[in-house]
Every structure is written in structure tokens, then in C-alpha cells.
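# Observations on the model geometry
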Amino acid sequence: MKVHSSFAIASMFLLLSTAHVAAQGKPNLVLVVADDLGYADVGFHGSEDVLTPHIDRIAREGVMFSSGYVSFSVCSPSRAGFLTGRYGQRFGYERNVLYYPTDAGMGMSREEETMADILGRAGYRSMLVGKWHLGAHPSLQPQARGFSEFYGFLGGGHQYFPDSLRIVDPMKVFTEEGSYRTLLNRGTQPVTETEYITDAFSREAVAFIDRNRSNPFFLYLAYNAPHNPLQAPPAYLERYSHIKDQKRRNYAAMVSAMDDGVGRVLAKLRETGLDKNTLVVFISDNGGPLADNGSSNGSLRGKKGGLYEGGIRVPFAMRWPEKIPTGKVYDRPVITFDILATILGGIPDAPRPKQAIDGVDLIPFLTGKAKNAPHPYLFWRQYDQRSYAVIRSDQKKMLLRADTASLFDLGADRSETRDLAQEKKSVVRKLRRKISAWEKELKPPSFLGLTQRAEYIRAQSAIKK
Ligand code: CA
């Protein structure tokens, strides 16, 4: 009996230490996404009125990307990009989805793997906390796309106060406005929440880390703050009594709630001893929409929805003490696809994505091992507007709208005020050729989006008849 029990104890110890070694070998990933946060509205970009001390810690103790881009300037396709590590245009994803839970085609193609699918093959547990916005049909929901757990909502935004969440069944809603008022889901089950939802998402994120301390995990913490509607509780508003503009004050308070949540997540990582081996990334999903929510893109031209820098260049920072430097500013263009490639770069015997990804492992670039630029070119297409952009590694940027080219040198003129297209015709010609070559790899949009709602509803009723 004694022999058996010591054997059992020894095996248990072996199992535990194997789990520990495995967990140590595989880094965790925490991806925090803000929704519609302006480029200038974080402390690490010099914000003086909106305060983000916790988010700033990620940049201060890691790397701040001054030229960090998203692959699309609105929510849904931007998320499809970074969750697959691929240009969404490769699989027809370049519109904001409509909330339509009976349509299996309204969302991200099931041919595509998500980060959660890929990391799941390496034994990661994954959780989405917050906003999904990649399809509400059961076959398109987070737990059908590789996530082990989900707490949040399926649409493009949400009411923040629990008293406003009155619609019990998110599967019986067919309008955006209705989708904002559904109960939150835990997995596929609607549940009653009692907290301000930004605080609720922080609570869920911390609890997920707590119960996954001994296995590798991917936490996708997708706050809907500070996306409309502008709703903030008094405790956060009180911090900003000096801001007279009410919209800006509400916006700042919503950002603070999110920033406090980031603080709770970072504190939990430190408490559990996981912080050194965890890649923490902070991004906004697109540029600030300015007047719509009171955001600021500072000196950048343009806003959410467009291809000037104010639409696509976002706050972007990562912290990973075991792998990347501390307190570094990296100026060369990077894009959110790189998040997937970078975490895979840090996993021994990492699983290979089934589709070729467009991201680059940033670790060698940040440590100085690789001297070149991570991306020779970055591309954008907005099919409905017939507009394109390309940024070359030397920060020459061409915009094409209705076939008219503008050329900017972002290194010298990041506000895009001096159009060099007439002066530098050969650069324009070269960049046009690059865009044409890239476009040959793309598909047309695979679903109608938010701006085609009327057309979509007509098509749906025709199908029913
Ligand atoms: Ca957004």
C-alpha cells in the first residue's frame, strides 16, 4: 500500500512538473483590443487629458509601435484580419457584417482558421471576452471558431449598463439596434449581468487567467469601449470633472474603465508569476471616428472608415519580458497580422497555419537580429469605395481613389499634407503595379454589409418567398 501511494505521489509529481514545463515552454497570449480608440488618446502617444497609466505600462515595459496598422479602418474586417493573420480581402471579408443570426454566410468563412484554432492545436485554451462581430449564426460564433470559452456579445457594439440589456434571446434579433440590447452570452447561454459591462469584461478576463495558470492560454479581451453609445458610470466620470466637453468627458471615462481593467489583468499576470512568459498586446481595431465619440487622432489626417492615417494607424504596443526589449520605440510599419506570427514564433514546435499568413514574426526585428523592415509593402483595399492604399517600407504611401493617385512621404509628413504624386511619377507607377499584383490574389466581398442593409433585407425576403 505504501509503495502504491508513493508511486502515485511520484506519478502525480511527474504529471504536475510535466504540465509546468509544458506551460513554461509555451508562452501565453493576451490580446487587448479597444474599439474606436483614437491614435492620440493614450498616454504613450502624449495624451494629456485621457489618462491610460496601465495601458502605458505595456509600452513602457515593452515595445511601442509608432507606425502600427490595422488591415481595415472599420471594426469587423479589421478583426477578421488579425484573428486569421491574413488580409480579409483574400477571403471576401471587407465589409462590416450585418447582425443576422440565421444566415451562415454572414460572417467569416469557415475555410479560415482563427488564432484560437491554430493555438488550440498546440494545446492552448482560448477565451473571447467582449465583442465578437464576425458572424452571429451558430456556426460562426466564437466557440465554433476555436475558442474554448466566450463571455460577451455577438454584434458590433453594445449598451453598457446592465439595465438596458432586455432582449433575452440573441438568436431572435435581426437589427443592429436590437443586437446592442441583448443579454450577454456565456458560451451560447444568455445570462444576466449586473456590472457595467467594461468592468464585467475585466472581471471575466482576470478569472480566466486565474483558472489557466498551469496550461498555456490565449485571452482575447475585446472591449467595446470606447465605441458608441457613450455611457460611463459616475465613478469614472468623476475623474474627468475638468473636461468641459461632455462627449469627450464620457469618452475619457470609458477609456479609464478599460484602462483599469488592463491594470487588473497585468496585476493578475504578475501575481500568478506568468507575466514574463506572456505576450501582452494592446491595439485599437481602427482609428478614432472623431466627432462620433469624442476621440482624437492628434496630428494624423482622417478618421475611422478611411485610408488616411487617422483611419488605419492605431495605438499598438506589446510587452513580453522573456522575448522582446523593454522601453523600445519601433518606427517601421507593422500590422496586426504580426501578432499571430509573433506568438507562433515564440512557441517551440509551433503548429503551422493551414493557410499562408500575411504576418511576420516581429521578435528578430525587435531584438535587432533582423535589420531590414518587416514588410516590404502593406496594402489596403476598400471594395465599395474603390479605394486602395499601399505603404512601402520606406514609408512612401500611395492612396488611390477613383483611380486618382496621391503620394505621401510619411517619414517626413505623417499628417499627409503634401501630395508628391506629380513630382514622383515613377514611384506612383511602381506602387500602382504593386497594388495590381496584390489585387490578383483577392476575392470580391462574400457578403453584403452594413451599408447595404436595405438590399440585403430585400434579398432575404425574396428567399423566404
Ligand atoms: Ca471599431
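Given the structure is predicted, the values throughout are model-derived calculations rather than measurements.

### Re the pairing of strand β4 (residues 125-131)
Of all 7 residues in β4, 6 are buried; the element is thus mostly enclosed. One ladder, built from 6 bridges, connects β4 with strand β8 (residues 217-222); its direction is parallel. Looking at the pairing, R125 lines up with F217 of β8. Sheet analysis places β4 next to strand β5 (residues 149-153), joined by 5 bridges and oriented parallel. Opposite L128, over in β5, you have F150 as the bridge partner.

### Looking at the packing of aromatic side chains
The full count for this structure, using the stated rule, is 23 aromatic pairs. Plain terms: the ring middles of Y87 and F337 are 4.8 Å apart, the flat faces sit at 80° to each other, and that makes the pair edge-to-face. In this pair, Y87 is assigned in the loop between α3 (75-84) and α4 (115-120) and F337 in the loop between β12 (334-335) and α10 (338-345), connecting sequence segments 250 residues apart. Joined through ring pairs, the aromatic side chains of F82, W132, F147, F218 and Y220 make up one cluster. R386 extends its terminal NZ or CZ atom over the ring of Y383, reaching a point 6.0 Å from the ring centre.

### A word on empty space enclosed by the protein
Under the counting rule described, the total for this entry stands at 2 cavities of 30 Å³ or more. Estimates place the volume of the largest cavity at around 50 Å³. For the largest cavity, the full set of lining residues is V97, L98, Y99, Y100, H133, G135, A136, L154, G155, G156 and E176. For the lining of the largest cavity, the class distribution of residues is 6 nonpolar, 4 polar and 1 charged. Within this model, the second largest cavity holds a volume of roughly 40 Å³. Around the second largest cavity, the lining residues are Y99, G152, F153, L154, P170, T182, L183 and N185. Taken together, the residues of the lining of the second largest cavity sort by class into 5 nonpolar, 3 polar and no charged.

### A word on the domain arrangement of the chain
With domains assigned, the chain is organised as domain 1 (27-367) and domain 2 (377-439). Between the C-alpha centres of domain 1 and domain 2 the distance comes to 28 Å. Between domain 1 and domain 2, the contact holds 26 residues from the first and 23 residues from the second. Across the interface of domain 1 and domain 2, roughly 2,100 Å² is buried in total on both sides, 49% from carbon and sulfur atoms. Considering only the surface of domain 1 that becomes buried against domain 2, Y87, L307 and Y308 emerge as the three largest contributors, covering 29% of it. Linking domain 1 with domain 2 are 3 salt bridges, by the criterion used here. Inspection of the region where domain 1 meets domain 2 yields 15 residue pairs in polar contact (both at pLDDT 80 or more). Those elements that place two or more of their residues in the side of domain 1 that touches domain 2 are α9 (309-312) and β12.

### Here we look at a positive patch on the surface
Side chains of K425, R429, K430, R433 and K434 sit close together on the surface and give a patch of like positive charge. Looking at the element boundaries, K430 is found in helix α12 (residues 425-439). Given the relative accessible area of 44%, K430 is considered partly exposed.

### Brief notes about the layout of surface pockets
Looking at the largest pocket, its volume works out to about 360 Å³. Counted by class, the lining of the largest pocket contains 5 nonpolar, 9 polar and 5 charged residues. No fewer than three residues from each of domain 1 (27-367) and domain 2 (377-439) sit in the lining of the largest pocket.

### Points about the coordination of the calcium ion
Binding of the calcium ion to the protein goes through D35 (OD), D36 (OD), C75 (SG), D285 (OD), D285 (OD) and N286 (OD1), at separations of 2.2 to 2.6 Å. Between consecutive donor residues of the calcium ion, the sequence gaps follow D-D-x38-C-x209-D-N. Linking D35 in the loop between β1 (28-34) and α2 (53-60) with N286 in the loop between β9 (278-284) and α9, this pair joins segments that are 251 residues apart in sequence. You'll find D35 and N286 in the same group, each marked buried.

### A closer look at the sheet that holds strand β2 (residues 63-65)
Taken together, the 10 strands give an open sheet; going across it, the order is β7-β6-β5-β4-β8-β1-β9-β10-β2-β11, and neighbouring strands pair in mixed fashion. Either end of the sheet is taken by a strand with one partner, and the two such strands are β7 (189-191) and β11 (328-330). Strand-to-strand twist in this sheet, taken as the mean axis angle between neighbours without regard to direction, amounts to 15°. On top of the sheet, α2 reaches β2, β9 and β10 (316-319); it is set at about 70° to β10, its chief contact.

### Considering the packing of α2 against helix α8 (residues 246-271)
Direction vectors running N to C along α2 and α8 enclose 55°, while the axes themselves pass 7 Å from each other. In this view, α2 runs oblique relative to α8, as classed from their interaxial angle. Together, P53, H54, I55, R57 and I58 of α2 and M258, D259, D260, V262, G263, L266 and R270 of α8 make up the contact between the two elements. Grouping the amino acids of the contact of α2 with α8 by side-chain chemistry returns 6 nonpolar, 2 polar and 4 charged.

Parameters at a glance
One numbering rule holds for all chains: residues counted from 1, following each sequence as written. Residue-level local features of this predicted model are given only where pLDDT is at least 70; pairs of side-chain atoms are given and counted only at 80 or more, and the full residue set underlies all totals for whole chains, interfaces and linings. To get the side-chain values, all heavy atoms of the structure are used, and hydrogens and water are removed first. The buried label applies to any residue whose accessible area, calculated with a 1.4 Å probe on protein chains only, is under 20% of its type's maximum; exposed applies above 50%, and partly exposed to all values in between. Secondary structure elements are taken from DSSP: a helix is a run of H or I of four residues or more, a strand is a run of E of two residues or more, and numbering for both begins at the N terminus. Two strands are counted as paired when DSSP detects at least two bridges linking them. Two aromatic rings from Phe, Tyr or Trp, using only the six-membered ring of Trp, form a pair when their centres are within 6.5 Å; if the ring planes differ by under 30 degrees the pair is stacked, by over 60 it is edge-to-face, and anything between is tilted. Here, over-ring charges are defined by two tests on the NZ atom of lysine or the CZ atom of arginine: distance to the ring centre within 6 Å, and angle to the ring normal within 35 degrees. Definitions used for this entry: grid spacing 1 Å over protein atoms alone; cavity, a set of points where a 1.4 Å probe fits but cannot get out; pocket, an open set with protein on both sides within 12 Å along at least 5 of 7 lines; lining residue, one with an atom within 4 Å of a point. Grid points are joined across faces, edges and corners, and a volume is the space filled by probe spheres set on the points. All amino acids are sorted into three groups, where Ala, Val, Leu, Ile, Met, Phe, Trp, Tyr, Cys and Pro are nonpolar, Asp, Glu, Lys and Arg are charged, and the leftover types, Gly among them, are polar. Here the limits of each domain have been adopted from an automatic or database domain assignment. Residue contacts follow a heavy-atom distance rule, with two residues in contact if any of their heavy atoms lie within 4.5 Å. Buried area adds together the accessible area that both of two parts lose upon being put together, with accessible area traced by a 1.4 Å probe. Salt bridge, as used here, is a side-chain nitrogen of Lys or Arg placed within 4 Å of a carboxyl oxygen of Asp or Glu. The definition of a polar contact used here is a pair of N or O atoms within 3.5 Å, where within protein one atom must be able to donate a hydrogen and the other to accept one, and adjacent residues in sequence count solely through side-chain atom pairs. In this analysis, a patch consists of residues with relative accessible area above 30% that form no salt bridge, clustered at 9 Å for like charges and at 5 Å for the nonpolar side chains Val, Leu, Ile, Met, Phe, Trp and Tyr. Per-residue and other accessible areas follow the Shrake-Rupley method at a 1.4 Å probe size, with only the shown protein chains counted as cover for residues. Neither His nor the chain ends contribute to the count of charged residues, in which Lys and Arg are positive and Asp and Glu negative. For this purpose, a charge sits on NZ of Lys, CZ of Arg, CG of Asp or CD of Glu. Coordinating donors are taken as N, O and S atoms within 2.8 Å of the metal, stretched to 3.2 Å for Na, K and Ca; because water is absent from the atoms, sites can appear incomplete. A fitted line through C-alpha atoms represents every axis, and for helices the fit uses only the stretch in contact; the resulting angles, taken between N-to-C directions, go from 0 to 180 degrees. To sort the angles, those under 35 degrees are grouped as roughly parallel, those over 145 as roughly antiparallel, those from 65 to 115 as roughly perpendicular, and the leftovers as oblique.

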